[in-house]
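Structure assessment
Each chain, written out:
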Amino acid sequence: MMEKIVSLSDGERIPELMVSQSVCVLSGSPPSAPEGASRRLLLYQHCIPLCESGDLQTEVASDIIGLLMLETHNLPGPSLAQLASLFVDAIKLGKMGSGKSLELFPTVLTALAATEALSYGKGELSGEEYKKQLINSLCSSRWDPQCVIHLTTMFRDVPLASEELQFLVEKVLRMFLKLDLQEIPPLVYQLLLLAAKGCKKQVLEGIISYFKEQDLCQKEEQKDGESMDVEVQSIPQDQLRHVEGTVILHIVFAVRLDHELGREFLKSVKGSQGELCPFSIALLLSVARIQRYEEQLFDFLKGAITKGFKDEQLQQGSKFLQDLLPQRCSLAQMILDTVKNSVFGWDHVTQGLVQLGFILMDAFGLKAGPFGKTATEGANATAKTPTQQACRLGGQVLLEGFKMHEPIRGEILEQVLNRLVTKTASPVTHFIDLLSDIVVSAPMILLESSSKVTETFDHLSYLPLATVQGLLKAVQPLLKVSMSMKDALILVLRKAMFSSQLDGRKSAVTGFLLLLKNFRVLGSMASSQASQAITSSQVQVDVHSRYNSAANEAFCLEILSSLRRCLGQQADVRLMLYEGFHDVLRRNSQLASSIMQTLLSQVRRYYEPEQDLLPPVKLELCIGAQGDQVFLQEPLAHLLSCTVHCLLWCQGMRRSARPNAGGSDDDDDDEEEGGFQDELQSILESFTRRMIKAELEDFELDKSAEFSLVSSVGVKNSIYAVLVMGVYEVLIEYNFTKANYSKSLFEELLELFSRYNKLSEILKEKSGKGKSSKSPRSLLSMGFVSTLLTALFRDSAQSREEALFVLHSSGDFLRYAVSVALQKITQLEETGHTDGPDGQNTDKTFHHLCDITSVLMWRYTNIPCAVEDAGKKEKRCSVSLLCLEGLLRIFSTGQRRYPARVAQLLSAIGGTHTNWNATVTEKTAFYIRQFQRALFTQLSGGEEDFNSKEAQLLVNILSVLSRQLEPSSQQFVQMITWTVKICKETSFEDVAFSKGLLSLLFSLHVLYKSPVSLLWELCQDIHSQLGDIDQVPTVSARTVSPGNLTDNSLQTVILLVLSQVGKVLDEVDWLITKKKGQLVPDRLSDATQAAGQQDPVEKALTLQLGTLLTALNELVQTALPSGVCTNTLLGELSLCSIALNVHYCFTCHMSPRCVCVKLSGSHLTPQCYSFITYVQAKLLRETKAIPNLIYSIEQYEKYLITLSKKSKVNLMQYMKLSTSRDFRINAATLEAALQEQDNSQQVSINHSTDTYCIDDGDLKL
């Protein structure tokens, strides 16, 4: 009958009959009867394959499966077992393609688990155990990739124990690699639903791990493709990114519904900081959009980023750590990769990226220091500290996000501009840099949001001047292509010109000068500084066309008329105008006539036209008074400086344009300009002649004048002195430029300098008696300083020899020239720019710096200090020493401000003799050898010839230059070898020199190998030098330490050694923390490794700590001088004990590290207590370091006892219980007590549990 029914259904395919026939069979087959149970089983066995075949309509198959599910619980145990085996066999054979019949399998398994007993092999199993065996067999077999999703869906309805669920999840996660990429999202969806039963962390980590591997594979394929110049892609990148985006959405949706899943995600992410990848970061940012997790996740990301930068910094500075741990992909690069990946439709990630970028910039940007001051960082400064790097990363995230995603551009721009307006109390240079990068990279995109920029202009009058300058410079390219933006800015600047706030008026001057520089009039001379930030490919507007230039001329003349009003305002406003006119003239030469006329009329106000009168300036007009306050009204020296530089530039342009002179219009213009120039030239010549004749008394200044800043007379005299000195400097630069190497004119120049120098000495002498003050900043330009030094030291032309001899004859003038160069270089290092013409131009400033470097290097190497100082009794700093100091500042400036151009700087020193093809390391090594020879010459002479300052400068230069050496190069090894040799052979007692030399040795050694062996040698030297704590010191042969150490120099060396010990302990602590994070998931591998070879990291830790313990053992036996040395050593001993605690607390197999226990127990700990007694006797007072040390030692012993029980190894066999806490008889106390007893006084001695007596005093714990 059954065969008839099945054949009928198969042949005629009548769906209605199938359902009704199945009902009839089930009704006519009672499950209690054997024949009925058999018929039912046969029906199941035929219907299940039929439903899987796909021949039935979906509705019919669903009806049949539903009918069978209702009757499954009536089947006997053996039938259920056969039916379950049928499913398992079909799955193994890959016959469950559609997965429709799998809906029945959970019901079968549930019914089977309820069965009391089933035959299994030769015995019996309960239904629950039988079900476990089936699931185990199923998960252990090979699955057809097509049925993985169906099986995962099916198991959602199967009751599973935790072990079964874990086994199943592992199986599904392993199947990820066998599925097509497009099948991953639905499988992840089902897996997340399955995770409702448990194993949430395992599911999330498995998904993240899969996509991490896919990203790594794709990166490797890209590298291979680039190396072979072919495209190698097993998985298209866009397809992978879209799948990742879909999976992220599934997970975020699941987290919204299941908060337990969200908590597990947080635990998983926080527990695997080093395992983050672009996918997990994108997932994290998406989950952060859920308010419940937002704060926690962003705090975690912020902390992980800074920790990553700190770890990189620590690892880069230690060869020991570099060798032990491989350099991984940085978290910062992963975040930037996430930004790039988000272009593939990851809209749910972009908002998190924007938020992360601003969080990093707000948290790690420059902060206001005391009194609102901040460290000045130029735009070309390199981010070095972890906080600076984190801030820069935030800017990079926002910049890349702005370029890639149109929907977030408005929000990014609005938030940047809002911060510029609202953060008036803190620096905003990082936001200005971001805005500048946005403008340069996408100017036309930014024009779409020009209204936001225009709204910001309304706040210019109320913003700090530095913010205004940065903002206007950043948006300057937009002003050329947006008339509405330019008009809005002009309107705001005109209002600001009449602001009641000084900063508002200075902002107006800044804005107008910027406009004058960048809107050139037709016919202006081309200048390298006039290069535009927007290329023609980005903006199809010719801003220099004839049409625009006509409007520009009227526009610029109108601005000039507005700026003339500034000449009647405060000195700060005028100063900004004078400093900006020269750059305007260079970029807009057609404004020369108007600018020169303005300057001439201003100079006339303070120029005394009567040629017989002295002085030639009206100083009284340059100051103002209000009540009893005297202040500067006119920065006369800056006015003259601006006039001189503009005049010299105009004369140069006039000479270069004269051969190409054109028609009458040009002749008229030349005559007009020539008239201004001639008048100014005659004024300056008169200035020079009369300033030479003038005495200090003519300026109401002499040695008896008061220069105190507490009285109005002193303030007035100080202002006069600074103005007069500035005028002398301006005239020196002008006359040198015009002299054309004339001997008579150089003599006049030297007269000018003698007057300047005399006043400068008086000012130094007077200010030295009172409050110390810095000397006024020189008004000589950087370009002139470069020219002057080249002429003084490198000009070998015979025709100029006689004239230059005049200048060479004055040692003061030579020192002055080098001192000004040093001042300019220091300003460049601190601020990134210098005063004067082209001071803001990075390229020209660097060119001048290269020239100065070449001159100073030549001067120092050809005329050493010893040669220059021979026969001189004056105590002034020699020119060669100033040159050396300048070289130190230059090398530091190059590394800080021009890190990418250090090779060019080094090449410029040698001039034409430089090998331009040499590497930076080779070039650096060449100059290092020159300075090494100079230092060796210093050390080879007698002690009376030793110049301490020169030796210190040489060591500092070697320290700076050594940073450019590649640690793996032969030159670096030679540098270390030479330094060790010098340290061993040095026999001088100079404290600063010894400190510098030892610091250099440590800085080099840590990049070569671990310094613990060096520290051990130094500790031996110190011990032999000072002797034991209970013996008379004896001197033995030195191994490393500098010189015959005196008490002062010895203390410096000890502190340096202890400082380095602290750094080594920090590295050990960091490495233990890293290892601890790996030990938790790798316990099994650790157990197997214990039987085999020791882990290299643990082996290195043991060696590091063991050597350090030996070194400290030397110091605790040494009779160190009391004070800072003993306190520092006690602190380092406490840290060492803590490091040992951590080292043993988080490791299981102890036998390899018993050597450290032995060293600490038998050598260090007993000596520590002896050292405590020695220190207590020396100090005769309480110190917190002693109880801290004892507590650390006791904690260490406590951990050893605990670990001895766990590891079954007696680690305490090497430890000797301390006696320092035992009560000892204090003789003085006992005698006093006996005396009181003799006097019949009752004496009661109470011993406190936290106080003990030692031979030389009481120590309170």
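Now for a description of the structure that goes with this document. Small disclaimer: the values here were computed from a predicted structure and weren't measured. (Residues numbered from 1 in each chain as written. Predicted model: local features only at pLDDT ≥ 70, side-chain atom pairs only at ≥ 80, totals over all residues. Heavy atoms only, no water.)

Scanning the protein chain from terminus to terminus reveals 52 helices and six strands. Counting across all 1261 residues of the protein chain, residues that qualify as buried make up 51%. The contacts in the protein chain between residues at least 6 apart in sequence include a share of 75% that link residues at least 24 apart. In the structure as shown, the protein chain presents an accessible area of about 58200 Å², 51% of it carried by carbon and sulfur atoms. (Helix = DSSP H or I, 4+ residues; strand = E, 2+ residues; numbered from the N terminus. Buried < 20%, exposed > 50% of the residue type's maximum accessible area, 1.4 Å probe, protein only. Contact = heavy atoms within 4.5 Å. Areas by Shrake-Rupley, 256 points an atom, 1.4 Å probe, with all protein chains shown as cover.)

This next bit is on the packing of aromatic side chains. Aromatic ring pairs are reported here in terms of the distance separating the ring centres and the angle at which the planes meet. Taken as a whole and judged by the stated rule, the model has 17 aromatic pairs. Ring centres of F846 and Y898 lie 4.9 Å apart, and the angle between their planes is 50 degrees; on these two criteria the pair is classed as tilted. Remark: Y898 occurs in the loop between α39 (879-897) and α40 (902-910) and F846 occurs in helix α37 (residues 842-862); sequence separation between them is 52 residues. Exposure remark for F846: the relative accessible area of 1% places this residue in the buried category. What links up through ring pairs into an aromatic cluster is the set F176, Y210, F211 and F279. (Phe/Tyr/Trp six-rings, centres within 6.5 Å; stacked < 30°, edge-to-face > 60°.)

What follows concerns the packing of α39 against helix α42 (residues 948-962). Relative to each other, α39 and α42 sit at 20 degrees, their axes nearing to 10 Å. When the axis of α39 is compared with that of α42, the two are roughly parallel. For the element pair α39 and α42, the recorded crossing hand is left-handed. Within the contact between the two elements, α39 uses L881, L884, E885, L887, L888, F891, S892 and Q895 and α42 uses K949, E950, L953, L954, N956, I957, V960 and L961. Among the residues forming the contact of α39 with α42, the class breakdown is ten nonpolar, three polar and three charged. (Axes fitted to C-alpha atoms, helices over the stretch in contact; angles between N-to-C directions. Parallel < 35°, antiparallel > 145°, perpendicular 65-115°, else oblique. Left-handed = near helix turned anticlockwise from the far one by under 90°. Nonpolar A, V, L, I, M, F, W, Y, C, P; charged D, E, K, R; others polar.)

In the sheet, strand β3 (residues 623-626) pairs with strand β4 (residues 629-632) via four bridges, with the strands oriented antiparallel. Counted as the bridge partner of I623 is L632 from β4. Counted along the chain from β3 to the antiparallel partner β4, the turn is two residues long, and its residue G627 has a positive phi close to 70 degrees. (Pairing = 2+ DSSP bridges.)

Oppositely charged side chains can form a pair if their charged atoms are brought close together. Enumeration according to the criterion identifies 25 salt bridges in this entry. For D215, the salt bridge goes to R241, with nearest N and O atoms at 2.7 Å. Residue D215 is located in helix α11 (residues 200-228), and its partner R241 is located in helix α12 (residues 237-257); the two are separated by 26 residues in the primary sequence. Considered together, D215 and R241 belong to a single accessibility category, that of buried residues. Between E244 and R241 there is a salt bridge, with its nearest N and O atoms 3.0 Å apart. In this pair, E244 and R241 are both assigned in helix α12, three residues apart and thus about one turn of the helix distant. In terms of burial, E244 and R241 fall into one category: buried. (Salt bridge = Lys/Arg side-chain N within 4 Å of Asp/Glu carboxyl O.)

This part is about the environment of L763. Counting through the fold element by element, L763 comes out in helix α33 (residues 743-769). Among the residues examined, L763 registers a relative accessible area of 14% and is labelled buried. Sequence separation between L763 and S718 is 45 residues; the distance between their C-alpha atoms is 8.0 Å. Leave out the neighbours within four places in its chain, and L763 touches F707, A721 and M725.

Further remarks concern the nonpolar core. L435, F457, L460, L515, L563, L789 and F931 are the most contacted members of the largest nonpolar core, which totals 253 residues. For this core, the element with the highest residue contribution is helix α32 (residues 712-739), accounting for 15 residues. Ignoring sequence-local partners within four residues, the contact set of F457 consists of L472, V475, L479, M485, L489 and V492. Judged by nonpolar contacts, the second largest core, of 98 residues, contains L112, W143, F155 and V397. (Core = buried A, V, L, I, M, F, W, Y, C linked by side-chain atoms within 4.5 Å.)

Turning to helix α45 (residues 1012-1026), a few remarks are in order. Under the 1.5 Å per step criterion, the end-to-end length of α45 is 21 Å for 15 residues, consistent within 8% with the ideal 21 Å. Of all the 15 residues making up α45, eleven are buried; the element is thus mostly covered by neighbouring parts of the structure. When α45 is considered as a whole, its buried residues turn out to be V1012, L1014, L1015, L1018, C1019, D1021, I1022, H1023, S1024, Q1025 and L1026. Looking at the residues trailing α45, positive phi occurs at G1027, about 85 degrees. (Expected span 1.5 Å × (residues − 1).)

The subject of this paragraph is the environment of I359. Relative to the elements of secondary structure, I359 occurs in helix α18 (residues 347-364). Assessed through its relative accessible area of 23%, I359 is described here as partly exposed. Placed 35 residues apart in sequence, I359 and G394 show a C-alpha to C-alpha distance of 7.6 Å. The contacts of I359, once residues within four sequence positions are left out, are F298 and K302.

Looking at the element boundaries, L619 is found in the loop between α29 (592-606) and β3. In sequence terms L619 and F699 are 80 residues apart; their C-alpha atoms lie 7.9 Å from each other. Apart from residues lying up to four places away in sequence, L619 is in contact with L636, F699, Y720, L723 and V724.

Now for unusual backbone geometry. Along the chain, L614 connects to P615 via a cis peptide bond; the corresponding omega equals -5 degrees. In this fold, P615 is placed in the loop between α29 and β3. A positive phi angle, near 60 degrees, is found at C199, a position not held by glycine. Overall, C199 belongs to the partly exposed group, its relative accessible area being 21%. In this model, E700 sits at a positive phi of 65 degrees, which is unusual for a non-glycine residue. Looking at the secondary structure, you find E700 in the loop between α31 (664-693) and α32. E700 sits in the exposed class, given a relative accessible area of 52%.

So, about the side chain of T1107. Tracing the chain through its elements places T1107 in helix α48 (residues 1096-1116). We classify T1107 as buried; its relative accessible area is 14%. If near-sequence neighbours (up to four positions away) are discounted, T1107 is found in contact with V1012, S1013 and W1016.

Residue placement: S286 occurs in helix α14 (residues 278-287). Setting aside residues no more than four positions away along its own chain, S286 makes contact with I248, V252, H348 and V349.

Moving on to helix α9 (residues 162-175). Under the 1.5 Å per step criterion, the end-to-end length of α9 is 20 Å for 14 residues, consistent within 8% with the ideal 20 Å. Buried within α9 we find E164, L165, L168, V169, K171, V172, L173 and M175.

On the surface, a cluster of negative charge is contributed by E943, E944, D945 and E989. Structurally, D945 is set in the loop between α41 (920-940) and α42. The exposure class assigned to D945 is exposed, which follows from its relative accessible area of 53%. (Patch = residues over 30% accessible without salt bridge, like charges linked within 9 Å, V, L, I, M, F, W, Y side chains within 5 Å. Lys, Arg positive; Asp, Glu negative; His and termini not counted. Charge placed at Lys NZ, Arg CZ, Asp CG, Glu CD.)

Keep in mind these values describe shape, not function.
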